[in-house]
Amino acid sequence: MLRKILFGSIPILILAVAIFGYQLLTIQPPRAAQVAFELPSILVEIGTAKREPLTHYITSRGTVSPRTRTTLVSEVSGQIVNVADAFVRGGFFKTGDTLITIDPRNYEAALKTAEAEVAGVKTKMEQEQALAGYALEDWQRLKQTVNETPEPSALTLRRPQMNQVLAELASSEARLLKAQEDLTRTIIMAPYDGMILDKRADIGQFINAGSQVAETIAVDFAEVRLPLTLTDLKYIDLPNGPDSYLPVELSSDIADETKTWQATVVRSEGVIDQTSRVIYVVAQIVDPYDLEGDGTNALRIGSFVTASIKGKDGGMVFTLPRHAIDGNIVWLVDAENKIYPQEVTVLRMDASNAYITDGLNEGDIYCITPIDQPLPGMKVRYSGDRTT
């Protein structure tokens, strides 16, 4: 009986202990230990604001093209009997060099025929002059014999015959001149210092008058058409006369090496492209193939180049890396290494830099490294001296 009472009271005892423990916990709940938490500082690169003189440079790109391009055409027909060693694609020549010789024999024969014709007409003219002299003498003798002799007519003095002979002489001399010119045209000479761009005829080929034999380009100058936006025009003075030009530096990557060339903007094309809304200026390069040098700095036709055009004076401005500014906000760093936003006035931006006129003070420390979702008061850390 006692055992039943003991076993029956155990659940009641457990329930009582549980209730007592619950009440104890609700009266004095445990407190979690509180630890002060500090956000980690972000490592950034900083810069010091400093006003510096600005000269605007406008960047553009274009393809090098020849200033002078010529299609050489034969003015006479015949077989090509000789070509110059330089008459190959890429061959260089000088002004007056003989490039092609056409068989001259037919034209030499035509020249002799024309010379003989002129000589014959001149003989005929001398005879007509003599006959006209005789006719005049006959009239003078008649006048001495007959007192009322009328004045001689033009036909009496053989003037129509003389005029006809003079016309024949002029015609024969014109044919002689043409024969001489045709013989001269059997030699096709270089019109300027240049290079063969494309060869369209060769030795042994028969060509007609008007046949294209080559395409050549001059190598004294080359040109690059450079597009400028309407915004770019604010920072540049376009050339407005023969003595007005802008310095340009051209650059291109060739065989893992960046090469540069000096050029000048000599003119603008004067109209705005209706499709792209840009205006083209033309930069000119002297001796692009470096023929006056050693040829190692040749700027070949067809090269794609980047141009840096010198523009107007921009005054004293703050020059910051472009990625250091977000819209018109620069994040400054205070003495406690905390950042806060500063609104600035941006004059312009190029591919690398932002140029600021107002909103910064000399010596301000700004954050160069872009921060993802920056907050005012966020702490940063950096290496180096703040004054650098």
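Colleague: Where do I start with the sheet that holds strand β4 (residues 69-73) in this structure?
Modeller: Each strand in a sheet pairs with its neighbour through backbone hydrogen bonds, running either in the same direction (parallel) or in the opposite one (antiparallel). The antiparallel open sheet is built from 4 strands, whose spatial order is β4-β11-β9-β6. Sheet topology places β4 and β6 (92-93) at the edges, where each strand pairs with a single neighbour.

Colleague: Just checking my understanding: could you explain unusual backbone geometry for this structure?
Modeller: With phi around 55°, alanine 255 is a residue other than glycine that occupies positive phi space. Structurally, the position occupied by alanine 255 is in the loop between β13 (246-254) and β14 (257-272). In this model, arginine 277 sits at a positive phi of 60°, which is unusual for a non-glycine residue. By the element assignment, arginine 277 lies in the loop between β14 and β15 (278-286).

Colleague: What's the story with the pairing of strand β9 (residues 194-199) in this structure? I'm lost.
Modeller: A regular strand carries its side chains on alternate faces of the sheet. Taken together, the 2 bridges between β6 and β9 define a ladder with antiparallel strand orientation. Along β9, the bridge assignment pairs phenylalanine 92 with methionine 195. Both β9 and strand β11 (residues 212-218) contribute to a ladder of 5 bridges, which runs antiparallel. Looking at β11, one finds that aspartate 198 is bridged to glutamate 215.

Colleague: How do you make sense of the side chain of glutamine 284 when you look at a structure like this?
Modeller: With respect to the helices and strands, the residue glutamine 284 is situated in strand β15. Exposure remark for glutamine 284: the relative accessible area of 15% places this residue in the buried category. Excluding anything up to four places from it in sequence, glutamine 284 contacts Arg67, Phe221, Ala222, Glu223, Ala263, Thr264 and Val266.

Colleague: Honestly, the sheet that holds strand β8 (residues 187-189) in this entry has me stumped. Any pointers?
Modeller: Strand order across the open sheet formed by 4 strands is β8-β7-β5-β10, with antiparallel pairing between neighbours. This sheet does not close on itself; its edge strands, each paired only once, are β8 and β10 (206-207). Pairing of strand β7 (residues 98-102) with β8, which is carried by 3 bridges, proceeds in the antiparallel orientation. Bridge pairing in β8 places isoleucine 100 opposite isoleucine 188.

Colleague: Got a minute to help me understand the pattern of salt bridges in this structure?
Modeller: For the structure on display, the rule yields 16 salt bridges. When the shortest N-O distance is used, the salt bridge between glutamate 168 and lysine 124 registers 3.3 Å. A residue pair is termed long-range when its members are at least 10 positions apart, and glutamate 168 in helix α3 (residues 159-185) and lysine 124 in helix α2 (residues 105-145) qualify at 44 residues. Glutamate 168 gets classed as partly exposed once you look at its relative accessible area, which sits at 26%.

Colleague: Can you help me understand α3 in this one?
Modeller: Every α-helix winds through 3.6 residues per turn, so residues three or four apart in the chain are directed the same way. In this model, α3 (27 residues) spans 39 Å end to end at C-alpha, consistent with the 39 Å of a helix rising 1.5 Å per residue. Restricting attention to buried positions, one finds in α3 the residues Met162, Val165, Leu169, Ser172, Leu176, Ala179 and Asp182.

Colleague: Would you explain the environment of valine 278 in this entry?
Modeller: Structurally, the position occupied by valine 278 is in strand β15. Assessed through its relative accessible area of 11%, valine 278 is described here as buried. Linking valine 278 and proline 227, residues 51 residues apart in sequence, is a C-alpha distance of 5.9 Å.

Colleague: Hey, could you run me through the nonpolar core in this one?
Modeller: For soluble globular proteins, nonpolar side chains are generally found buried alongside one another. If you look at the biggest cluster of nonpolar residues, it comprises 22 residues, and the most contacted ones within it are Leu250 and Ile309. Secondary structure elements with two or more residues in this core: β3 (51-66), β12 (221-229), β13, β14, β15 and β16 (304-321). By size, the runner-up hydrophobic cluster in this structure holds 19 residues, among which are Phe93, Leu99, Ala190 and Ile196.

Colleague: Just checking my understanding: could you explain the packing of aromatic side chains for this structure?
Modeller: Aromatic ring pairs: the centre-centre distance and the angle between the two ring planes describe each pair. Within this structure, the stated rule accounts for 2 aromatic pairs. Ring geometry for phenylalanine 92 and tyrosine 289: centres 5.4 Å apart, planes at 70°, overall edge-to-face. Separated by 197 residues along the polypeptide, phenylalanine 92 in strand β6 and tyrosine 289 in the loop between β15 and β16 bring together distant segments of the chain. Given the relative accessible area of 10%, tyrosine 289 is considered buried. Its end group placed over the ring of tyrosine 280, arginine 225 keeps NZ or CZ at 4.0 Å from the ring centre.

Calculation notes
Residues numbered from 1 in each chain as written. Predicted model: local features only at pLDDT ≥ 70, side-chain atom pairs only at ≥ 80, totals over all residues. Heavy atoms only, no water. Pairing = 2+ DSSP bridges. Helix = DSSP H or I, 4+ residues; strand = E, 2+ residues; numbered from the N terminus. Buried < 20%, exposed > 50% of the residue type's maximum accessible area, 1.4 Å probe, protein only. Contact = heavy atoms within 4.5 Å. Salt bridge = Lys/Arg side-chain N within 4 Å of Asp/Glu carboxyl O. Expected span 1.5 Å × (residues − 1). Core = buried A, V, L, I, M, F, W, Y, C linked by side-chain atoms within 4.5 Å. Phe/Tyr/Trp six-rings, centres within 6.5 Å; stacked < 30°, edge-to-face > 60°. Lys NZ or Arg CZ within 6 Å of the ring centre and 35° of its normal.

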